[in-house]
Amino acid sequence: MDKLNEVADGVWVRQSEWVWSNSVVVRGEDGLVLIDPGINGSELDQLADAVDQLGIPVVAGFCTHPHWDHLLWHPRFGEVPRYATPAAAHVAGEARERAQAMAAESASGVPLEVVGLVTPLPADGGTVPGEIIEHQAHAVGHAAILLADRGVLLAGDMLSDILIPLFDVRQDDQVGAYERALERLDEAARHVDVVVPGHGAVAEGPQVAARLAADRAYIDALRRGEEPVDARLGPHADWLFGIHRSNLEQARGR
């Protein structure tokens, strides 16, 4: 996808070829906010071209969580504040060299000097529109953004149609963290018609409830000590099985 796709008023998405990663552009009161831009350098260039065509200045960036593929940036977006929740910003600062190394290994042409340069989001949200929904599933300080006035939930690495829930091995009780996070996202989803995940297809209408149900069913199975039945774990996704086994081991306390 070389262009921005407007999924709601003032909310655009561009999808990368790398694990179907979604860059999100949101029009705020003061200008554009870029959320999780990526992934390869050529795609960041194309995103910059598309943003230029909107004719609205970029005023901020936001990363939903401190994993390398959500900590990217490009000098063409400008020297503007790049925010994350305070907890996520702390982790990103500590792990910046590792994020740079992973970006260099996994992507091409990424401007490494700007990887991970994020700052804590101020209590009033600054220039980032919407309601921040913070939780500890998947990563420390993970945030979704509810744009209730536009009927959109930006879910970060939750509610994907291609990725199962991915546990953070550095945190205990990710089953409980996911249960609590999904409760909060369920409440938020009652106000939206569109969910944009960090990876995968945008969900609209009935698909929103289906995404929540899929993640809940997976987590519920792990809570019961059972093997989940999940279409995302089909033969087309062998690469997910190692992650799934790690989830099982953590859920069983190993």
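Check the entry above for the structure.
Just so it is clear, the structure is predicted and the values come from calculations on it, not from any experiment.

The mixed open sheet is built from five strands, whose spatial order is E8-E9-E10-E11-E12. Both edges of this open sheet fall to strand E8 (131–135) and strand E12 (203–204), since each of them pairs with a single strand only. Pairing of E8 with strand E9 (residues 142–147) involves five bridges; the strand directions are antiparallel. Counted as the bridge partner of Glu-131 is Leu-146 from E9.

What follows deals with unusual backbone geometry. In the segment running from Gly-38 into Ile-39, the intervening peptide bond is cis, with an omega of 5 degrees. Tracing the sequence through the fold places Ile-39 in the loop between strand E4 (32–35) and helix H1 (41–54). In this structure, Trp-20 is a non-glycine residue whose phi angle is positive, near 50 degrees. By the element assignment, Trp-20 lies in the loop between strand E2 (11–15) and strand E3 (22–27).

With respect to the secondary-structure elements, Gln-171 resides in the loop between strand E10 (152–156) and helix H4 (174–189). Look at Gln-171 and you get buried, because its relative accessible area is 15%. Along the sequence, Gln-171 and Val-24 sit 147 residues apart, while their C-alpha atoms lie 27 Å from each other. Excluding residues that lie within four positions of it along the chain, Gln-171 makes contacts with Gln-136, Ala-139, Val-140 and Gln-250. Polar contacts involving the side chain of Gln-171 include one to the main-chain carbonyl oxygen of Gln-136, which spans 3.0 Å.

Thresholds applied
- Residues numbered from 1 in each chain as written.
- Predicted model: local features only at pLDDT ≥ 70, side-chain atom pairs only at ≥ 80, totals over all residues.
- Heavy atoms only, no water.
- Pairing = 2+ DSSP bridges.
- Helix = DSSP H or I, 4+ residues; strand = E, 2+ residues; numbered from the N terminus.
- Buried < 20%, exposed > 50% of the residue type's maximum accessible area, 1.4 Å probe, protein only.
- Contact = heavy atoms within 4.5 Å.
- Polar contact = N/O pair within 3.5 Å; in protein donor to acceptor, adjacent residues only side chain to side chain.

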